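Here are the chains, one letter per residue:
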Amino acid sequence: METDGDLNPDTDDLPLRANTSHILVRHYALDLSVHFDKKIISGSVVLFLEPRSAGGPKTEDDVGSEAGHCARQRPDNDGTAFESPAEGSRSSGSADAEDFTLVLDCCDLDVSRVEEVDVDSVSALLGFPPKVASEDTSASSRAAFIQHLLSMPSARWREKHRLFSLCGRGPGARNAGSLGFQTDRWSLQVRKAGVKSPQSFPRIIRIHYATRPLGGSVRWTKDQDNRECVYTAGSPINNRALFPCQEPPVAMSTWQARVRAPSDCVVLMSGDDQAAPAENGDTHFLIWNYYVTMPMPASTFTLAVGHWRQVPAETPSAPGKEAEGGVDCSGPTAELVSGLRNSTGEVVRGSPHQTGRDEASGSDAAFCHSSLGDQELSLTDYSGMVDDGISCSHGDYPCRFAERSAWSQRVVPHRVFSPVCLLQKAQMGVLKLLPQCLAAAHAVLGVHPFPRLDVLIVPAGFSSLGMARPRHLGPSGSDRKGTAFPLAL
């Protein structure tokens, strides 16, 4: 077998270490801070776990993932079923050869601590059955609470999201202490002493970590205005250098993220709704909150933080002169799309960032809404094809295909962000083209699977859009397609 040191992420299929045949991550709750001075993102991620049925049927993805993981394990002299620590790894706590190990896919992350979250404090606060004297009964009660949370129907997604937030901010378990963990180049391995099965493993754990400046999942660079920015840049290692995750195709999960960034920055993510930044005390940071309600692969998580501005519908005054320390952005203009008809639409201004910071209204004030009355943008009308009894074959989540209004929404709310020096070019070359592109996609494919669209113009040198060339699924089942901008959720 090829060793870790011989793997080249640009040419080789990545190893899948996550043991998804035993346990699945159903939800990620990230709490991150962006540090441009250190070129790192630090914070924590809370994992909501669900063990898979013992002895249940395994998919081809499960078998490939488990085979790849088991082939990597070898006992140490003391019988621990972990690899020998690699350079830069860190181990905590004692291990037993029979203890169950949660294995996550990760790379280039500095993990400092892993802890079990105190579920009892949250469940008691919500009026769930209180903790009782028996530890076995208490553990069963905790598992029942988490299973209740994970199985809540999509019609109650707002309540479910609130419970995820409360649990994610819960304290560490008082009696459990820190969980043992170990890292190697491609994985994070977590265990709890005495736990022998995934059914007995903690259902909610928190991982404290920081990215590395050279981690391959994000790119630290400067935009066309010569100002610092960072974004997920279609990496061949997906997001495993941004947060510990599960990458086998069977792993589908929802997520929510709380991101702290300098107050003069904009934070864009692939969430269901646009974020309204909130003050972070007396600091010079703002907090941005995003979430998704549709389970998706962890590789679809996208993040961008920079000094961008929303492209307005009208021509900005004195373009290019507002950039601080900007560079000369002269070059090809919008002649390539000069023949396109101007689409109707308007922008209702929000904050100076034009990102909808009116928290009280919670409206889509910053979006450009093209008129749905423009018949030239509509080639097909699907509104008559929907009935109230429509159903899909996927799992239960708020699905746009079951919404009558979504079938006639040819152009979803959309925004374009760019450096200041490119606002006019982005307005003529991208913003005016989007409504026609969205309407054409709707005419051919039907309902837009996402409720909104953010398009970000990134600096030159963008490594990949995830579609540069076909990447096959390797023997281990690894998907080599990276995350992509535009932010299309």
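Quick caveat: nothing in here was measured; it's all calculated off a predicted structure.

What counts and what doesn't
Residues numbered from 1 in each chain as written. Predicted model: local features only at pLDDT ≥ 70, side-chain atom pairs only at ≥ 80, totals over all residues. Heavy atoms only, no water. Helix = DSSP H or I, 4+ residues; strand = E, 2+ residues; numbered from the N terminus. Contact = heavy atoms within 4.5 Å. Areas by Shrake-Rupley, 256 points an atom, 1.4 Å probe, with all protein chains shown as cover. Pairing = 2+ DSSP bridges. Axes fitted to C-alpha atoms, helices over the stretch in contact; angles between N-to-C directions. Phe/Tyr/Trp six-rings, centres within 6.5 Å; stacked < 30°, edge-to-face > 60°. Buried < 20%, exposed > 50% of the residue type's maximum accessible area, 1.4 Å probe, protein only. Expected span 1.5 Å × (residues − 1). Salt bridge = Lys/Arg side-chain N within 4 Å of Asp/Glu carboxyl O. Core = buried A, V, L, I, M, F, W, Y, C linked by side-chain atoms within 4.5 Å. pLDDT = per-residue confidence, 0-100.

**Here we look at the overall build of the chain**
Phase 1: The secondary structure content of the chain amounts to seven helices and 19 strands.
Phase 2: For the chain, long-range pairs separated by at least 24 residues make up 77% of all intrachain contacts whose partners lie at least 6 apart in sequence.
Phase 3: Counting every atom, the chain has about 22,100 Å² of accessible surface; 53% of that belongs to carbon and sulfur.

**Structural notes on the sheet that holds strand E7 (residues 204–211)**
Phase 1: Here seven strands make up an open sheet; going across it, the order is E4-E7-E2-E1-E10-E13-E12 and the pairing mixed. The sheet terminates laterally at strand E4 (109–116) and strand E12 (278–279), the two strands that pair on one side only.
Phase 2: Across seven bridges, the pairing between strand E1 (residues 23–35) and strand E10 (residues 253–262) is parallel. Among the inter-strand pairings, His 27 is bridged to a residue of E10, identified as Thr 254.

**Quick word on the sheet that holds strand E8 (residues 218–222)**
Phase 1: The four strands lie next to each other as E8-E9-E14-E11, forming an open sheet whose pairing is antiparallel. Only two strands of the sheet have a single partner each, and these edge strands are E8 and strand E11 (266–269). This sheet shows a mean twist of 15 degrees between the axes of neighbouring strands, independent of strand direction.
Phase 2: Across three bridges, strand E9 (residues 228–232) lies against strand E14 (residues 303–306) in antiparallel orientation. Each residue of the ladder has a partner; that of Val 230, found in E14, is Val 305.

**Quick word on the packing of aromatic side chains**
Phase 1: In the structure shown here, the tally under the stated rule is eight aromatic pairs.
Phase 2: Between the aromatic rings of Phe 48 and Phe 164, the centroid separation amounts to 4.7 Å while the plane-to-plane angle is 75 degrees, which identifies the pairing as edge-to-face. With Phe 48 in strand E2 (residues 40–51) and Phe 164 in helix H4 (residues 157–168), this residue pair connects regions lying 116 residues apart in the sequence.
Phase 3: By relative accessible area, Phe 164 is classed as buried at 4%.
Phase 4: Ring centres of Phe 243 and Phe 301 lie 5.2 Å apart, and the angle between their planes is 70 degrees; this geometry places the pair in the edge-to-face category.

**Considerations on the environment of Arg 158**
Phase 1: Locating Arg 158 in the fold gives a position in helix H4.
Phase 2: Expressed as a C-alpha distance, the spacing of Arg 158 and Thr 293, which sit 135 residues apart in the sequence, is 9.3 Å.

**Focus: H4**
Phase 1: If you check H4, its first and last C-alpha atoms are 16 Å apart, about what 12 residues at 1.5 Å a residue would give, namely 16 Å.
Phase 2: Of the positions making up H4, those classed as buried are Lys 160, Leu 163, Phe 164, Ser 165, Cys 167 and Gly 168.

**Section: the pattern of salt bridges**
Phase 1: In the structure shown here, the tally under the stated rule is 14 salt bridges.
Phase 2: Between Arg 26 and Glu 50 there is a salt bridge; the shortest N-O distance is 2.3 Å. Note that Arg 26 is positioned in strand E1 and Glu 50 in strand E2, a separation of 24 residues in sequence.
Phase 3: Accessibility expressed as a relative area gives 15% for Glu 50, which makes it buried.
Phase 4: In this structure, Asp 31 and Arg 260 form a salt bridge, with 2.6 Å as the shortest nitrogen-oxygen distance. Here the residue Asp 31 occupies a position in strand E1, and Arg 260 occupies one in strand E10, the gap between them amounting to 229 residues.

**Here we look at the nonpolar core**
Phase 1: With 60 residues, the main nonpolar core has Tyr 28 and Ile 207 as its most contacted residues.
Phase 2: Looking at this core, the element that brings in the most residues is E1, giving six residues.
Phase 3: Filtering out sequence-adjacent residues up to four positions away, Ile 207 remains in contact with Gly 43, Ser 44, Val 45, Leu 47, Leu 104, Val 111, Arg 113, Val 114, Leu 188 and Pro 244.
Phase 4: Among the nonpolar cores identified, the runner-up in size contains 15 residues, and Val 122, Phe 145, Ile 146 and Leu 149 belong to it.

**Some remarks on the environment of Arg 227**
Phase 1: Examined against the element boundaries, Arg 227 turns out to sit in the loop between E8 and E9.
Phase 2: Between the C-alpha atoms of Arg 227 and Trp 308, which are 81 residues apart in sequence, the distance is 9.2 Å.

**A look at unusual backbone geometry**
Phase 1: A positive phi is found at Lys 39, a non-glycine position, where the angle reads about 60 degrees.
Phase 2: Looking at where Lys 39 falls in the secondary structure, it is placed in the loop between E1 and E2.
Phase 3: We classify Lys 39 as partly exposed; its relative accessible area is 33%.
Phase 4: At Asn 238, a residue that is not glycine, the phi angle is positive and equals roughly 55 degrees.

**A look at the environment of Tyr 231**
Phase 1: Mapped onto the fold, Tyr 231 is located in strand E9.
Phase 2: Using a relative accessible area of 1% as the deciding quantity, one classes Tyr 231 as buried.
Phase 3: The spatial distance from the C-alpha of Tyr 231 to the C-alpha of Arg 219 is 5.5 Å, given a sequence separation of 12 residues.

**Focus on helix H7 (residues 434–445)**
Phase 1: For H7, with 12 residues, the first-to-last C-alpha span of 16 Å sits near the 16 Å given by 1.5 Å per residue.
Phase 2: Taken together, the buried positions of H7 are occupied by Leu 434, Pro 435, Leu 438, Ala 439, His 442 and Ala 443.

**As for the confidence of the model for the chain**
Caution applies to low-pLDDT regions: their predicted coordinates should not be interpreted in detail.
Phase 1: Predicted confidence across the chain gives a mean pLDDT of 74, with 64% of residues reaching 70 or more.
Phase 2: pLDDT under 50 marks residues 318–366. Its contacts with residues more than four places away, or in other chains, come to 95 contacts.
Phase 3: Every residue in residues 465–489 is under pLDDT 50, and counting partners more than four places away or in other chains gives 67 contacts.

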